Amino acid sequence: MEVKQIDIDDVISKLTVEEKAKLTSGRDFWHTHPVHRLGVPSLRFSDGPYGVRGTKFTDAVPTASIPSGTVLACSWNTELMYELGKMMGDQARAKGAHLLLGPTINMARSPLGGRSFESFGEDPILTGVLASALSQGIKDRKVMICPKHLACNDKEDSRMAMNVEISERALREIYMLPFMIVQKNNDPESYMTAYNKIRGKHGSENEYLMRDIVEKEWGFKGCFMSDWFGTVSTADSINAGLHLEMPGPPIWRGKLVENCVYHNTITEESLNEAVRGVLTLVNGAAKSGIPEDADEGQLHNKEIVALNRQAAREALVLMRNEGILPLQKKKVLVIGESAKKANYCAGGACTVNAYHPVSLYDSLVENLGESNVDWVIGAPNRRVLPSLGLYAKEKSKKPITYRTYDEPRSVRDRKILSELTVPEVNVMMFEFDPASIRPGHHLHATFSVTINVPESSKYRYNLKVAGSAQVLINGDVHATHVTDYVSGSDMGMNAPEIFKEVYLEAGKDYLFEVDFESTSGKDGLSAGSLGCGIEKAVAPEDYIKEAADLAKKYDQVIVITGLNKDFETEGIDRSTMDMPPHQDLLVESVLDSNPNTVVIIESGTAVTLPWEKKAKAILHSGYLGEELGNAIFDVVFGEYNPSGKLTFTWPKRYEDNSAATSFELDKSLSLTYLDDIYMGYRHNDISKIDPLFAFGHGLSYTTFKFDNLKVSVADHTIDLSVDVKNTGDRDGSAVVQAYVSPKNSSVPQAVKSLKGFTKVFCKAGASVTAKVSMDKKLACSFYNTSIKQWTLEAGEYNVAVGSSSDKLEITETFEIEKCANWIML
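Residues numbered from 1 in each chain as written. Predicted model: local features only at pLDDT ≥ 70, side-chain atom pairs only at ≥ 80, totals over all residues. Heavy atoms only, no water.

An unreviewed UniProt entry annotates the protein chain as beta-glucosidase of Candidozyma auris. Taken directly from UniProt, the Catalytic activity (unreviewed entry) text for the protein chain runs: "Hydrolysis of terminal, non-reducing beta-D-glucosyl residues with release of beta-D-glucose." What the UniProt record of the protein chain gives under Sequence similarities (unreviewed entry) is the line "Belongs to the glycosyl hydrolase 3 family." (UniProt positions renumbered as here; feature names shortened; annotations may be inferred.)

Below is the structure:
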């Protein structure tokens, strides 16, 4: 069905209560309900912020994968963000998606936050400006956006039930400000509410956020939708302004809405308003030309590859370099499991099936030749074991057969409900359509693959399950694991896990089968989750000794380690800022053997680096998307001059982080943001704590000098110009950062706050004039709680410009002559 413009008032007048109830909830996991008799189609939504997955987690149609939030923002490049937004819009169109669920513009408040990597960092201005550029690119491809998550969704543990207590100034100046910038610049069609409570009210029934701020103050006229399974009530959520419960089939809408209308706990006016919000999306989708229930296609070409490679290059941050980098294009030893496993994305909603992920090892071999690249594992740095498919006899990308049933293995000739081939046994069963299961039956699944190992040895496998599962080897049950664990907001990451060992002979075929049964129900996340992988049983210390001994023999050594989607993922927080077990011992051992080793850290947020004083070269990578290997090669071997700047403060120790004293929940599952407006670098400034690496830090293979700062105050902007001279011998790009400090504020203020930035390219030995335009309201206002408005305060201000928050080279003053109060930008 073609999606056409509709007369919303006319449609609402003709809808039955039953149809209205359906329209305010999802049809399934990714689609809205249609009402075809009135020309209302079903719309398709898709994750996610950094890759358009489409309608499946398991066996998803491939898509382009770009760097995740905190590292993508390290580019500090609005033009790049806009181009990536257009590409994302094109990917959405190929997938038949009318609306993209993103960008994520929550704050990276703590390095332990499981989803901090998905945000654009710790600064609201940087986040808002970059998210706005990305959003505009998506919208220019006539695809709708859904900024998320309203609000303070900055912690994952107990996210469905936890409550955030926060001051009004911090709420407005830090956590809502990026949303306000995107609202002003991009007029989003929708917003997604948060799972957590804010001052005692869940995001999905928080009238203050939805109605009072976003609608009344900001003028939003679109659709508020819940995060998936984030609706917690029927009447209260509708009356508070939540238009759409996702996903479907509904838990709180549908028949319950009809019942609430009958009992008058939902008024006709409130229900009509909810329907109106959903129908605005229909008219937004009509502009796209994307039909209802379109086929999911693919879109990949040289231009997309080049753009993703450039994005990954600009996201890399050179944190230290004592003359080690760039390396020469000759023989190199690379150490680390991550060298061969391309960690192109983190976990949860950001997980996608990338077209052609390039590992660092792949890129090194392609560019240096296989004879010039040696690799050892060093020490495994993941929680999830490698796929059973690693040793599959059938050499294919998807060697494992995945069949579903509604009867157990013991039933002869049981009927197959669905059949797929997949690359690994790591699935969340909520994707399975419960309507396929007969009443009184459970969901059953069997994964099977024939493996043939290259070396006779003991092998270790795991069985991680929410539900019931067993492993069979050549038809015999080898392990059984039964749990009553419900795979809820942690997306299965915390499901109970067992490990078993088995001796396997080289060259011999073994049929591995994993049987699953759902024990907790048939709908939603309660359907369970399953994971099973295998590895050779070797002590990590043996791997580390091998790596350290080898490192002595090479002139050029690279260690790549850090985190991955097993540790940074939606649903669970990290318990420590440390890297996974054995990683610090690996790095320190190799550095002791070869002090000139280059250390590459993959992470979306900060990790402790107890060996950092020994390292002469440290490069921060993160989850760089599908071109990660090529981008790292380009920077490490001097094909590209790094220009990335950190989007979060990298503390020496966790206790120095601004959220360290207020990240754990109390017994009532409540959390007070004690850092208030002093989150991130603002905390370091006021507490006089030196970070390991400051917000905005990042080195280059050249050097820059800033001079001749000029300030001009206009009606709506404060305009800066500064001369940037490349004082080195290589062309490169400089990020000009501008921080503002009021001289005499009437309220407590941060020592300085980022208010503007730009990125300029400068040839070696040359100079360019950089222009930075700061919004006057954003640069010189605070939220005035006494009058419930923003106040643009008259007086003198300092503006300091430099290459990092701790390297501000020049300062000027300017004056705001008149005070003014305002509500919206």
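Right, picking up where we left off after that structure.
Asks: Can you help me understand the sheet that holds strand β3 (residues 144-145) in this one?
Replies: Adjacent strands of a sheet form backbone hydrogen bonds with each other and so pair up, either parallel or antiparallel. What the 3 strands build is an open sheet, ordered β1-β2-β3; its pairing is parallel. Each edge of the sheet is formed by a strand with only one pairing partner; in this case those strands are β1 (45-46) and β3. Bridging between strand β2 (residues 99-100) and β3 involves 2 bridges; their strand directions are parallel. From the neighbouring strand, Leu 99 faces β3, where its bridge partner is Met 144. (Pairing = 2+ DSSP bridges. Helix = DSSP H or I, 4+ residues; strand = E, 2+ residues; numbered from the N terminus.)

Asks: Quick question: what am I supposed to make of a nonpolar patch on the surface here?
Replies: Together, Ile 251, Trp 252 and Leu 256 make up an exposed nonpolar region whose accessible area comes to about 260 Å². In this structure, Trp 252 sits in the loop between α9 (235-240) and α10 (255-262). (Patch = residues over 30% accessible without salt bridge, like charges linked within 9 Å, V, L, I, M, F, W, Y side chains within 5 Å. Areas by Shrake-Rupley, 256 points an atom, 1.4 Å probe, with all protein chains shown as cover. Salt bridge = Lys/Arg side-chain N within 4 Å of Asp/Glu carboxyl O.)

Asks: Any chance you could explain helix α8 (residues 207-217) here in plain terms?
Replies: Three or four residues apart is the spacing at which side chains of an α-helix point the same way, because the helix has 3.6 residues per turn. Buried within α8 we find Leu 209, Met 210, Arg 211, Ile 213, Val 214 and Glu 215. The positive-phi residue at the C-terminal boundary of α8 is Gly 219, with phi of around 80°. (Buried < 20%, exposed > 50% of the residue type's maximum accessible area, 1.4 Å probe, protein only.)

Asks: Explain the packing of aromatic side chains to me, please; I cannot follow it from the model alone.
Replies: Working definition: an aromatic ring pair is given by the centre-to-centre distance plus the angle between the planes. In total, this model carries 24 aromatic pairs according to the counting rule given. With a centroid separation of 6.4 Å and 80° between ring planes, the pair formed by Tyr 50 and Phe 120 is classed as edge-to-face. Taken together, the positions of Tyr 50 in the loop between β1 and α3 (69-72) and Phe 120 in the loop between β2 and α5 (124-139) put the pair 70 residues apart, joining distant regions of the chain. The pair Tyr 50 / Phe 120 is uniform in exposure class, with both members buried. Joined through ring pairs, the aromatic side chains of Phe 29, Trp 30, Phe 57, Trp 228 and Phe 229 make up one cluster. A cation sits over an aromatic face here: Arg 53 above Phe 57, 3.7 Å from the ring centre. (Phe/Tyr/Trp six-rings, centres within 6.5 Å; stacked < 30°, edge-to-face > 60°. Lys NZ or Arg CZ within 6 Å of the ring centre and 35° of its normal.)

Asks: What exactly am I supposed to notice about the nonpolar core here?
Replies: Looking at soluble globular proteins, one finds that nonpolar side chains tend to be buried together. Ranked by internal contacts, the top residues of the largest apolar core, which has 137 residues, are Trp 611 and Trp 650. Per-element accounting of this core gives the leading share, 7 residues, to α5. If we ignore the near neighbours within four places in the chain, the residues touching Trp 611 are Met 579, Asp 584, Val 587, Glu 588, Leu 591, Val 599, Ile 601 and Ile 618. Of all hydrophobic cores here, the second largest spans 37 residues; its members include Leu 325, Val 352, Leu 360 and Val 635. (Core = buried A, V, L, I, M, F, W, Y, C linked by side-chain atoms within 4.5 Å. Contact = heavy atoms within 4.5 Å.)

Asks: Which parts of the structure should I look at to understand the sheet that holds strand β31 (residues 753-762)?
Replies: Reading across the sheet, the 4 strands line up as β31-β30-β35-β36 and stay open at both edges, with antiparallel pairing between neighbours. At either end of the open sheet lies a strand with only one pairing partner, and these are β31 and β36 (807-816). On average, each strand axis in the sheet is tilted by 25° relative to the strand beside it, whichever way the strands run. With 9 bridges connecting them, strand β30 (residues 732-742) and β31 associate as antiparallel partners. (Axes fitted to C-alpha atoms, helices over the stretch in contact; angles between N-to-C directions.)

Asks: Just to check I follow, could you spell out unusual backbone geometry for this structure?
Replies: Most peptide bonds adopt trans geometry, and most residues besides glycine take a negative phi value. In this structure, the amide linkage connecting Gly 248 to the following residue, Pro 249, adopts the cis form with an omega of -5°. Omega for the bond connecting Leu 325 with Pro 326 falls within 30 degrees of zero, at 0°, which places this linkage in the cis form. The residue Cys 152 is not glycine, and still its phi comes out positive at about 60°. Relative to the helices and strands, Cys 152 resides in the loop between β4 (148-150) and β5 (163-165).

Asks: What is the right way to look at the pairing of strand β25 (residues 598-602) in this model?
Replies: Side-chain positions along a regular strand alternate between the two faces of the sheet. Within β25, 5 of the 5 residues are buried, which leaves the element mostly enclosed by the surrounding structure. Because side chains alternate across β25, one face comprises the buried residues Val 598, Ile 600 and Glu 602, and the other comprises Val 599 and Ile 601, equally buried. Summarising the sheet, strand β24 (residues 557-562) and β25 pair through 5 bridges and their orientation is parallel. When the sheet's bridge partners are listed, Ile 560 is paired in β25 with Ile 600. Where the polypeptide runs from β24 across helix α16 (residues 583-593) and back to β25, its parallel neighbour, the crossover connection is right-handed. (Right-handed = clockwise from strand over helix to strand, strands pointing away.)

Asks: In this structure, what is going on with the domain arrangement of the protein chain? I would like to understand it.
Replies: Interfaces are often sized by the amount of accessible area the parts lose when they come together. Domain annotation of the protein chain identifies domain 1 (8-286), domain 2 (302-383 + 539-687), domain 3 (388-423 + 433-525) and domain 4 (704-822). A separation of 32 Å is found between the C-alpha centroids of domain 2 and domain 3. Contacts between the two partners involve 9 residues from domain 2, matched on the other side by 8 residues from domain 3. Both faces combined, the contact of domain 2 with domain 3 buries some 580 Å², and carbon together with sulfur accounts for 54% of it. For the pair domain 2 and domain 3, the interface holds 0 salt bridges. Per-class residue counts for the side of domain 2 that touches domain 3 are 1 nonpolar, 4 polar and 4 charged. (Domains from an automatic or database assignment. Buried area = accessible area lost by both parts, 1.4 Å probe. Nonpolar A, V, L, I, M, F, W, Y, C, P; charged D, E, K, R; others polar.)

Asks: Quick question: what am I supposed to make of the packing of helix α14 (residues 360-368) against helix α17 (residues 628-636) here?
Replies: Axes are the key here: two packed helices are described by the angle between their axes and the distance separating the axes. At a closest axis distance of 7 Å, the pairing of α14 and α17 adopts a crossing angle of 55°. The angle between the axes of α14 and α17 places the two elements in the oblique class. Classified by chirality, the crossing of α17 by α14 is right-handed. Contacts between α14 and α17 involve Leu 360, Ser 363, Leu 364, Glu 366, Asn 367 and Leu 368 on the former and, on the latter, Leu 628, Gly 629, Asn 630, Ile 632 and Phe 633. (Parallel < 35°, antiparallel > 145°, perpendicular 65-115°, else oblique. Left-handed = near helix turned anticlockwise from the far one by under 90°.)

Asks: I keep staring at the side chain of Asp 634 and nothing clicks. Help me out?
Replies: Positionally, Asp 634 belongs in helix α17. Among the polar contacts listed, one links the side chain of Asp 634 to the side chain of Arg 313, at a separation of 2.9 Å. Ignoring any residue separated from it by four or fewer positions in sequence, one finds Asp 634 in contact with Arg 309, Arg 313, Glu 639 and Tyr 640. (Polar contact = N/O pair within 3.5 Å; in protein donor to acceptor, adjacent residues only side chain to side chain.)

Asks: Is there a simple way to think about the side chain of Glu 626 in this case?
Replies: Within the secondary structure layout, Glu 626 lies in the loop between β26 (617-620) and α17. Buried Glu 626, no salt bridge; nearest opposite-charge side chain is Lys 95, N-O distance 9.6 Å. At 2.9 Å, the side chain of Glu 626 and the backbone nitrogen of Ser 65 are in polar contact. A distance of 2.8 Å separates the side chain of Glu 626 from the side chain of His 300, its partner in a polar contact. In this structure, Glu 626 is in contact with Thr 63, Ala 64, Ser 65, His 300, Asn 308, Tyr 344, Ala 354, Tyr 355, His 356, Pro 357 and Val 358, ignoring residues within four places of it in sequence. (Lys, Arg positive; Asp, Glu negative; His and termini not counted.)

Asks: Is there a simple way to explain the environment of Val 477 in this structure?
Replies: Note on placement: Val 477 falls in strand β19 (residues 476-482). When the C-alpha atoms of Val 477 and Ile 560 are compared, they prove to be 38 Å apart, with 83 residues separating the residues in sequence. Ignoring anything within four residues of it in the chain, the contact list for Val 477 reads Gln 470, Val 471 and Leu 472.

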